[in-house]
Every structure is written in C-alpha cells, then in structure tokens.
Amino acid sequence: IAKSDRQLALWNIGISYIAFIIGTFCGLLQVFIRNDKLQLPKFLDYYQILTAHGVLLALVFTTFFIFAFLIAGMSKTLGSFGPRVRFFLWLGLWVTAIGTTLATAMIISGEASVLYTFYAPLKASGWFYVGLALLIVGTWFTSFALLGHYLVWKKQNKGKFSPLFAYMTVATLLLWIIACLGVVTTVLFQYIPWSFGWTETINVELSRSLFWYFGHPLVYFWLLPAYMAWYVVMPKIIGTDVFSDSLARFSFVLFILFSFPVGFHHQLTEPGIDSFWKFLQVVLTFMVVVPTLMTAFSMFATFETSGRKKGATGLFGWFKKLPWKDVRFTSLFIAMLFFIPGGAGGIVNASFQLNELVHNTLWVVGHFHITVGTPVAMTFMGVTFWLVPYLTGRTFPKYLQKLAHIQIFSWAVGMLLMSTAQHLLGLLGAPRRTAYSGYNGHESALEWFQGILSNHVTMAIGGTILFFSAMLLVYIVANLMFVTPKAATEEEAVEFPIAKSDTSHTAKLLENWGLWVGIALALILMAYAMPLTEMIQHSPPGSRGFITW
Ligand code: HAS
C-alpha cells in the first residue's frame, strides 16, 4: 500500500501501544492491591488506577489498533486513499488523540476516577467528558472517511461485490457509528451540563441506559475486527480460501441487526426498568449468539478444508496439518479457544436469573478478560506480528518469532490463571471494583477465599505473568517498528495475508446496507422507545433527562 497510507496506520498502532504500556502497568498494580500486597502512595487512589487501566486498554488500545487495521486493509483491498480521504483520516487521528490525552490527563490528576464505564451517579470533571466527546468525534472523522473511500470504489465498480475485508469494515463502521449515538447523546446532553454545573441533577437511569445502548455493541466493535482476521487472514495463513463468502457476510449483517437491542442485559438488577423490556432484550441477546456460532462452524470448516488439501485423513487428521510453528496462526488459534469459555460465560451473564448470582462480582471481570482480553487482544497481537513489519517494510527475524511464541503462550497462561481465579472468586461472592481487603481500616476479607484457584494470590501470579508478557510484546513491536533490517528481497518481505473469497454464490441483498440499517433501527425502536420514554416521564422531580432539561 502507498507510503502515506502506511504512515497513517503506523501512527495509530504507535498510539495504541503507548496506551497498552500504561494500561498493563496499571493492571499489574491492580492485582497486588487486591492481594493486599501493595499500598498506593497517598496521591494515588485505587479507583484512579482502575479507571486508567480500563480506559487505556479497553477503550484506547482497542480503538487505535482497530482503526490501524481497518485503514491498512481498506487501502490494501480498495486501493490508495485520495487526498480528501487521507486528510480526514489524519484529522480523525489527531482529534481522537487530543480527546484521549485530555481524558487521560483528567484521570491521572484524580479528577475522573469514574471507571471505564463512567456512568452516573459517579461524576468526573467536565473536561473528562469533553475529552471523551472529542475521542468519539475523531473516530467519526476516520469512520466517514473510510466509508467515503468505499463509496468511491463502489461508484467505480458498479455491480461488483466489494472485497470481503472492505465489506466487513463497512459493517464494523456502521455498527460503531450507530452505537455511538447513545453515548454521544448522554455525554453531550446529560454529563457535560451536569458536570460543569449548568444543571443540578441528572436522570441516572436514562444515562445508564443510553450508556449500555452503546456499551454492548462496543464489545462487538472490538470483536468484529478480530473476526475479520479469523475470516479473511486465517485461511490465507493456513493455505486455503474463505470457506463461504456469503456465510461470512451474513454473520456480519446479523451483528448489525442484533448488537443494539440488548443493552439491558447489563442492567438486569436495576429497578428502573420494567421486567418485560429486560426479558425482551434477554431474548434478543440470545439471537446475537447465532453469528458467533456461525463463525465457529466456518472456522472449523476452514481448518478441515486446509488439512484435507494437505492430505489429512480421518475425523481429526487435519488438526496435525495446521501450521503450529507459525506464530501468526498459533496466536489466532489460541485466541479462538479462549472464546469458547468466554462466550459460555456470556450466556451465563445473559440468563436473567443467573445474572443475579454473578452481577457485580469478580466473575464479570473474569468474563471480559477472556473475551476482550484474550480472543480480541491476542488476535490483535497475532495481527501485529505481520502488520507492523508489513507497514515498515522490515523483516520478522526467527529469534523474534520465537519470542513472539513465548509472548503469546505466557499471555495465555497468565490469562488462564487470572481469569479462572476471577470466575471462581466471583462465584464465591468476591465483589468487583472494590478495594475491600483491609480497606478503610476494615478487617481483610481475604480469608474467605483460600482455594487453590479461588485465591487472590493466583490472580496476582496470573497478573504478573501477563505484565511480563505485555512487556515482551512491546519489545517485539519496538523492534519491528524501528530495529529489524529492511526487507531486501520479495521473499524477505512480510505479506498482508488476504484469502480469496468466492462471491459467485453470494446474494446481492447482502450488500444492501440501507435494508440492514433500516431493520436494525426498527429493532432498536422496538426495544428502546417505550422504556426510554417511561424513564423520561417518570424521572423524579428535579432530575433532568436530556429532554426535560
Ligand atoms: Fe460480555 C459483560 C453477555 C460476549 C465483553 N462483556 C461484559 C463486560 C465486557 C464484556 C467488557 O448478558 C463487562 C461490562 C462491565 O464492565 O460492566 N457477552 C455476553 C454475551 C456474549 C458476550 C451473551 N462480552 C462478549 C464479548 C466481549 C464481551 C465478545 C468482548 C469482546 N457480557 C454479557 C452480559 C454482561 C457482560 C450479560 C453483563 C454482566 C453483568 O451482570 O454485569 C456473546 O456474544 C457470547 C457468544 C459466544 C458464545 C460462545 C460459543 C463459542 C463457541 C466458540 C467460538 C469460537 C470461535 C472460533 C468463533 C455463545 C462455540 C472457533 C475456533 C476454534 C478453534 C474454537
């Protein structure tokens, strides 16, 4: 891809890894605070570190990395960006970066210890919300620029299917833009006026609902780029084609339809929402499981097809034929394995009654570490191993590949230990987001949890392994960015792996975005119009929703 497009992607990756370094360090502090082995200095607070950890890893690292991947892939599959698209991509990058810096500065100065979910009644400095608003506006510049690039391509290639990577990028961006409407509304019309003191109160239930309208599709905004790597990159790495182009496209369409009308499954214990609406959204949550099951089916079919091509026989013969020494493959494969318990835990969370047991416990922390923290993050690591050298034109020498293997295995071991401990501790009743052990002079509650795995020490060991793995990754990234020799020949050059996808049986309807967005909006109206109206109507006197204010 063109040099200037590479620069754009590289800057996004660079910022994402700066956030990764600070975020993982905060994670290390976290496990030792919970283990009662670390007392923070007076000027630092547990919730401040927790907020920095969540915001920098879950929001900043992911967002910048995702846009790097999408920018590189769009330039690769649809051709170089024109000057206008490029201008808006740079603008998007800088506005997002300024927003991130402002929000991070507020967290570091102790003015925004409101956690990465930042909803009311916790209140931060108004500048934190301004930073968040800028962050989102910046990503919109980038998103619309990429959508514009797609439209130009469509105009020049009338009647043709867009390449699978570009199609999936459009689906991901549409999901992101529609999701952001909720958080933008609440930040602009509720949080900013409230935190700057222009309004006295805030309609808490409404603000939380608007947040979770955004919060759940947010997790699929993280997941879909990982799925892109699974669907498009993985087959190429293992020497085969995309298993089914239409299945892949349809699974992304299903995410557009069912990612939104499900946010209440994060609010099942909140009293301000009628059970009927909660139940409806629980049912719809089970619909959003379907595209993941389709993805699992497609992945196994891809593995089998590739194995059989290489001469595998028997039911599981293909397993041995997978390229186990190729770190681009192993990282993605382990990422997928983690999603089996990760997704199963999601089903537990989403089950109305079971949620009573796990809500607000460490179980939920365990859940998101084996969803976003492993399947997603480890896929991004696997992508990093070829994307960075591809963009810098450098090589990926053997010794770094070995280190990369150590890095992903240690990440897997660390995550396994830490998240198993978190799940078990959660079931035993350990709360999340609480520096409760010996906190505020109370006696330590740690003696409740003395199992081999259900133990804060296990969690701390896992967390420490993870931190060392993270630092190893940063070392590899720095080498691939600045140190390893430039590729002298085509053989040495690292490729951008994109598998062939046969569109001859793909239905034209799948690229009718108007239709899918229309159905998604109808589902959103069905799930949200009534309950949100009730929240606005029944808000207590003096509490201002965004309409009554
Ligand atoms: Fe979740 C809370 C429900 C998936 C992230 N989730 C969270 C939070 C985060 C998060 C960050 O219903 C915490 C928010 C907070 O701080 O309060 N989640 C689900 C459900 C799914 C799900 C139903 N979550 C994810 C993904 C995430 C993520 C993906 C990040 C990327 N989650 C919940 C609920 C809560 C929640 C409640 C609120 C809890 C509470 O009370 O607070 C589904 O998408 C899961 C679908 C997956 C499956 C698993 C089957 C998987 C199979 C294999 C997949 C493997 C593949 C590869 C595709 C049904 C069969 C195949 C190849 C191989 C080699 C295996």
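Scroll up to find the structure.
Rules and cut-offs
Residues numbered from 1 in each chain as written. Predicted model: local features only at pLDDT ≥ 70, side-chain atom pairs only at ≥ 80, totals over all residues. Heavy atoms only, no water. Helix = DSSP H or I, 4+ residues; strand = E, 2+ residues; numbered from the N terminus. Near = heavy atom within 4 Å. Polar contact = N/O pair within 3.5 Å; in protein donor to acceptor, adjacent residues only side chain to side chain. Salt bridge = Lys/Arg side-chain N within 4 Å of Asp/Glu carboxyl O. Buried < 20%, exposed > 50% of the residue type's maximum accessible area, 1.4 Å probe, protein only. Core = buried A, V, L, I, M, F, W, Y, C linked by side-chain atoms within 4.5 Å. Contact = heavy atoms within 4.5 Å.

Chemist: Go over unusual backbone geometry with me, naming the residues and quoting the values.
Modeler: Note the cis peptide between Ala-120 and Pro-121, where omega equals 10°. Tracing the backbone shows Pro-121 in the loop between helix H3 (83–108) and helix H4 (126–156). You will see that Leu-115, though not glycine, has its phi angle at about 70°, which is positive. Examined against the element boundaries, Leu-115 turns out to sit in the loop between H3 and H4. Residue Phe-118 is not a glycine yet carries a positive backbone phi of 35°. Checked against the element boundaries, Phe-118 lands in the loop between H3 and H4.

Chemist: Could you give me a rundown of the site of the ligand, with the residues and numbers involved?
Modeler: Taken together, 39 residues are adjacent to the ligand, and Tyr-116, Tyr-220, Asn-355, His-359 and His-367 come closest. At a separation of 3.0 Å, a nitrogen atom of the ligand approaches a polar side-chain atom of His-367. Breaking the shell around the ligand down by element, the ones donating at least two residues are helix H6 (204–237), helix H9 (290–309), helix H10 (327–350), helix H12 (362–369) and helix H13 (372–392). With ten residues, H10 is the single largest residue contributor to the shell around the ligand.

Chemist: Break down the pattern of salt bridges for me, citing the residues and quoting the values.
Modeler: This structure, assessed with the given rule, holds eight salt bridges. Note that Lys-154 and Glu-511 form a salt bridge whose closest N and O atoms lie 3.5 Å from each other. Taken together, the residues span a long stretch of sequence, with Lys-154 in helix H4 and Glu-511 in the loop between helix H15 (456–483) and helix H16 (513–537) at a distance of 357 residues. Accessibility expressed as a relative area gives 22% for Lys-154, which makes it partly exposed.

Chemist: Can you break down the nonpolar core residue by residue, with the values?
Modeler: Phe-128, Trp-230, Phe-303 and Leu-387 are the most contacted members of the largest nonpolar core, which totals 188 residues. What Leu-387 contacts, discounting residues up to four positions off in sequence, is Ile-13, Phe-69, Ala-72 and Phe-496.

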